[in-house]
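# Structural description and commentary
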Number of protein chains: 6
Amino acid sequence: MFIKKYFEQFSTDEVRETKGRTITETDIVIHAGQSGDFFPHHMDEEWCKTQPFKKRIAHGTLIFTVAIGLTAELVNEVSMTYGYDRLRFLAPVFIGDTLHVEVSIKEMKDHKKPGFGLVTELVQAFNQSGQLVMVCDHILLVHKKEA
Amino acid sequence: MFIKKYFEQFSTDEVRETKGRTITETDIVIHAGQSGDFFPHHMDEEWCKTQPFKKRIAHGTLIFTVAIGLTAELVNEVSMTYGYDRLRFLAPVFIGDTLHVEVSIKEMKDHKKPGFGLVTELVQAFNQSGQLVMVCDHILLVHKKEA
Amino acid sequence: MFIKKYFEQFSTDEVRETKGRTITETDIVIHAGQSGDFFPHHMDEEWCKTQPFKKRIAHGTLIFTVAIGLTAELVNEVSMTYGYDRLRFLAPVFIGDTLHVEVSIKEMKDHKKPGFGLVTELVQAFNQSGQLVMVCDHILLVHKKEA
Amino acid sequence: MFIKKYFEQFSTDEVRETKGRTITETDIVIHAGQSGDFFPHHMDEEWCKTQPFKKRIAHGTLIFTVAIGLTAELVNEVSMTYGYDRLRFLAPVFIGDTLHVEVSIKEMKDHKKPGFGLVTELVQAFNQSGQLVMVCDHILLVHKKEA
Amino acid sequence: MFIKKYFEQFSTDEVRETKGRTITETDIVIHAGQSGDFFPHHMDEEWCKTQPFKKRIAHGTLIFTVAIGLTAELVNEVSMTYGYDRLRFLAPVFIGDTLHVEVSIKEMKDHKKPGFGLVTELVQAFNQSGQLVMVCDHILLVHKKEA
Amino acid sequence: MFIKKYFEQFSTDEVRETKGRTITETDIVIHAGQSGDFFPHHMDEEWCKTQPFKKRIAHGTLIFTVAIGLTAELVNEVSMTYGYDRLRFLAPVFIGDTLHVEVSIKEMKDHKKPGFGLVTELVQAFNQSGQLVMVCDHILLVHKKEA
């Protein structure tokens, strides 16, 4: 669904929570195929048994892709991605873990380009135990209504 | 191939360039399927004709996935990803564009955990015209040899 | 997003329109791979040139899958699919066609199971020229609020 | 293989049984990616534990796609799909269930277009316990030999 | 469909021809993802322009996979693959080429294991111009009826 | 990474070992979708229970694709595949098996085309128990330096 949500309509009080999604072996295999990253951390069960984490883990780029994808519910026609800051992977994600994402507004400020503001969303991905596995700042460039 | 490249063996003089890869319609469709992001910017050719960029564009998370994947050539057993900073998408990537990545060492510093250092790689993805389309800092946590 | 929309809250006045989606060669190849249907109508460009429609066409099950998928925007926790009736493919869908779907409420009636009603949605998929390519009745079994 | 089986060559005595196919987690993940339907019924193992069916279930459109795909063995050059009626999902299909399909001829009648007849196949999909999980009428438009 | 075709029922007079299949960009991208082979011959349109063949070409393992897959129409319950000999790629396969396969019986001989024979099929894949692009011997280990 | 390794630089003393890779259910399902081979040996868990090997097995073309893909690490600009000989599948590969490949130089000889030589690599794929599951000769056509 398409919406128009202008800079002035964002507020640092907002929090939203996404649907959940289980990370499957299939997701990892398809991600290896898309990224070209066939590192043994993701693809070699035997090698993983010799490592501290013992099991295959999801690629960082997969966790990021799924987490940001979960937040993409409404098409805001007056907003676009400016970039991402401070992307960190805080705990490994294993096959069978279920992630959901919480998005809150961390900061709002004017942009140098007149008529635009920057909205920084704090994106936090949690596993089924409530453990924080990934965090980043998603910076949006948003039209002002009174432009 | 597996290597062991310790913190002391990195140098801010290093630059490496990856193979190239053409971004196809297939990559975008598979990425929509993996991320769950079916926004019209990526999936609706008719809607895109009404937008400033006129054509379907690659997801930001796809560009990031392919760019980081291109850099994943050697398995360094004494290094792991700490995180990414200042990820920015500087120009749209269209179907048929060919990307390659240049990696240089931007910064090296000690980590609070004894025996480890942080190496910051500058990751720059260029299209076939030499235009910079994505940039980020990739921060690696690397073992010191003399730990 | 999760909602609870009970039988009493549906109305035969409702109409909704989905986002659009371009049917790509990739969709057809992946659908062949999922269905196991590699008939030349979908997979053999040379054979298609000898047929009345001249070009590869999308599988009926692909058109149905995409059309129903486009309507799956909100998770209604008090509704489930009962079945589909009168599914017809009225015009071929070619690679590059862009589909969108219109959903209207065609009929509402009690179900024999107390506390439930049947809502029949008319699902119509159109291509970029406004031509109706697929139609079906989607029958939902919906909880009544006053059950 | 290509065959020519005309309207007069069908008979209501015919029954055929297809190969079997196990529905995997991979099938569900790929189907979510093709349909864009990431509803928690299919993708969120934790949420499913709170529901009556306890486990992730296959999409209706996936069951239909696989069942119809299993029947697509011979290319009949004088027949085409007219549509489907009374498609019903009678029992949930879980990861690891194995489906096979039985096809019988339910009805044969003239079509208003001279030289064509309508053949209605009854399509029944069963799981490994012999339980009927899906049923529909597949209506074929078939050339008459004596046209 | 399942058949039982014993060693004695094969004959060096037999020839069969498969359906055709167009090799798409999607096939190449999926094959790179399955094989892990992202060589520029298949994935980098710009690099290919500098090479004698000018365009991206299909992986040898993809051509082999599709050609052998095209021959897999009937499940012969009394036959299994013993191996392949003299696999050669005689002309490049480009995106958009349409392949079909001809299978003839080249040789039949006893196997050292009593009750079994070896049947060697000559597998030839041609493109839409009738050019031979791949050839191999497919050796089958087949039960004898009079075992 | 690109290298130039001429005929004279190969030696029959060379041996190299690849990374490992676990064969997953996903690999088999994607391979069925790519090859069009949905034989019950790979896709029907119930049927497999009635067979000597009891479980679903990987397609021969999948084992070959993965094994050859694992060897594709460096792009040698002065070498190309001439063909494959004596491809044999010596033990079944099941879901969850982890393969790695050893490559040694078996033979080197002149080619009739002046300036070229033929290098035959012996490719051996082993599972996690060290059992040889696949073997073949990979014949390379390599430029001579002193051409």
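The rules behind each value
Residues numbered from 1 in each chain as written. Chains lettered and ligands numbered in written order. Predicted model: local features only at pLDDT ≥ 70, side-chain atom pairs only at ≥ 80, totals over all residues. Heavy atoms only, no water. Least-squares fit on C-alpha atoms with pLDDT ≥ 70 in both. Contact = heavy atoms within 4.5 Å. Helix = DSSP H or I, 4+ residues; strand = E, 2+ residues; numbered from the N terminus. Expected span 1.5 Å × (residues − 1). Buried < 20%, exposed > 50% of the residue type's maximum accessible area, 1.4 Å probe, protein only. UniProt positions renumbered as here; feature names shortened; annotations may be inferred. Buried area = accessible area lost by both parts, 1.4 Å probe. Salt bridge = Lys/Arg side-chain N within 4 Å of Asp/Glu carboxyl O. Polar contact = N/O pair within 3.5 Å; in protein donor to acceptor, adjacent residues only side chain to side chain. Nonpolar A, V, L, I, M, F, W, Y, C, P; charged D, E, K, R; others polar. Axes fitted to C-alpha atoms, helices over the stretch in contact; angles between N-to-C directions. Parallel < 35°, antiparallel > 145°, perpendicular 65-115°, else oblique. Left-handed = near helix turned anticlockwise from the far one by under 90°. Pairing = 2+ DSSP bridges. Phe/Tyr/Trp six-rings, centres within 6.5 Å; stacked < 30°, edge-to-face > 60°. Lys NZ or Arg CZ within 6 Å of the ring centre and 35° of its normal.

Under the annotation held in an unreviewed UniProt entry, chain A carries the name MaoC/PaaZ C-terminal domain-containing protein and is attributed to Chitinophaga horti.

## Considering the relation of the copies chain E and chain D
Mapping between the two chain copies consists of a rotation about an axis together with a translation along that axis. Between chain E and chain D, which share one sequence, the superposing operator has a rotation angle of 180 degrees and an axial displacement of 0.0 Å; the RMSD is 0.0 Å. The transformation just described matches what one would write down for a two-fold rotation axis. For chain E, the smallest separation between a C-alpha atom and the rotation axis is recorded for E:Glu73, amounting to 4.3 Å. A shared interface surface links the copies, since 100% of the contact residues of chain E are contact residues in chain D too.

## Notes on the relation of the copies chain B and chain A
Superposition record for chain B on chain A: RMSD 0.0 Å, screw rotation 180 degrees, translation along axis 0.0 Å. A symmetric contact is evident, with 100% of the interface residues of chain B recurring at the interface of chain A.

## Comments concerning helix H4 (residues 60-71) of chain D
Residue and element names in this part refer to chain D. With 12 residues, H4 extends 17 Å between its outermost C-alpha atoms, agreeing within 8% with the 16 Å of an ideal straight helix rising 1.5 Å per residue. In terms of residue burial, H4 counts as a mostly covered element, since 11 of its 12 residues are buried. When H4 is considered as a whole, its buried residues turn out to be Thr-61, Leu-62, Ile-63, Phe-64, Thr-65, Val-66, Ala-67, Ile-68, Gly-69, Leu-70 and Thr-71.

## Here we look at the UniProt feature "domain: MaoC-like" (unreviewed entry) in chain A
The UniProt feature table records "domain: MaoC-like" (unreviewed entry) at residues 13-121 of chain A. As annotated, residues 13-121 of chain A comprises 28% helix and 34% strand, and the C-alpha atoms at either end are separated by 11 Å.

## Examining the interface of chain E and chain D
Taken together, the 6 residues of chain E in the interface contact 6 residues of chain D. Across the chain E to chain D interface the summed buried area is about 510 Å²; carbon plus sulfur atoms make up 70%. Contact with chain D buries surface across chain E, with E:Met1, E:Lys19 and E:Glu73 losing the most and accounting together for 76% of the total. Linking chain E to chain D there are 0 salt bridges. At the surface where chain E touches chain D, the tally comes to 2 residue pairs in polar contact (both at pLDDT 80 or more). Looking at the side of chain E that touches chain D, its residues break down into 4 nonpolar, no polar and 2 charged.

## Re the packing of helix H1 (residues 25-35) of chain C against helix H1 (residues 25-35) of chain E
At a minimum axis separation of 9 Å, H1(C) and H1(E) run at an interaxial angle of 60 degrees. As judged from the angle between their axes, H1(C) and H1(E) are oblique. H1(C) and H1(E) meet at a crossing whose hand is right-handed. Of the residues in H1(E), those touching H1(C) at C:Glu25, C:Thr26, C:Val29 and C:Ile30 are E:Glu25, E:Thr26, E:Asp27 and E:Ile30.

## Notes on the pairing of strand E5 (residues 79-89) of chain F
Put simply, side chains in a regular strand alternate between the two faces of the sheet. Note: strand E5 (residues 79-89) of chain E against E5(F), 4 bridges, orientation antiparallel. Across the sheet, E:Tyr84 pairs through a bridge with F:Leu87, a residue of E5(F). In the sheet, E5(F) pairs with strand E8 (residues 132-143) of chain F via 8 bridges, with the strands oriented antiparallel. Bridge assignment links F:Ser79 to a residue of E8(F), and that residue is F:Val142.

## Notes on the pairing of strand E8 (residues 132-143) of chain D
Residues and elements named next belong to chain D. In terms of burial, E8 is largely enclosed, as 10 of its 12 residues are buried. Pairing geometry for strand E7 (residues 116-126) and E8, over 11 bridges, is antiparallel. Considered in E8, the bridge of Phe-116 is made with His-143. Two successive antiparallel strands, E7 and E8, enclose a turn made up of 5 residues, where Gly-130 displays a positive phi of approximately 80 degrees.

## Observations regarding the pattern of salt bridges
Counted by the stated rule, this structure contains 60 salt bridges over all chains. A:Arg88 serves as the salt-bridge partner of B:Asp85, at 3.1 Å between the closest nitrogen and oxygen. Of this pair, B:Asp85 sits in strand E5 (residues 79-89) while A:Arg88 is found in strand E5 (residues 79-89), placing the two residues in two different chains. A relative accessible area of 15% places A:Arg88 in the buried class. Between E:Arg86 and E:Asp137 there is a salt bridge, and its shortest N-O distance comes to 3.3 Å. With a gap of 51 residues between them, E:Arg86 in strand E5 and E:Asp137 in strand E8 (residues 132-143) connect regions that are remote in the sequence.

## Looking at the packing of aromatic side chains
Following the criterion strictly, the structure yields 24 aromatic pairs over all chains and no others. Clustering of aromatic rings is evident, with ring pairs tying together A:Phe64, A:Tyr84, A:Phe89, B:Phe64, B:Tyr84 and B:Phe89. When the ring centre of A:Phe94 is taken as reference, the NZ or CZ atom of A:Lys55 above it lies at 4.4 Å. Over the ring of C:Phe10 we find C:Lys5, and its NZ or CZ is 4.3 Å from the ring centre.

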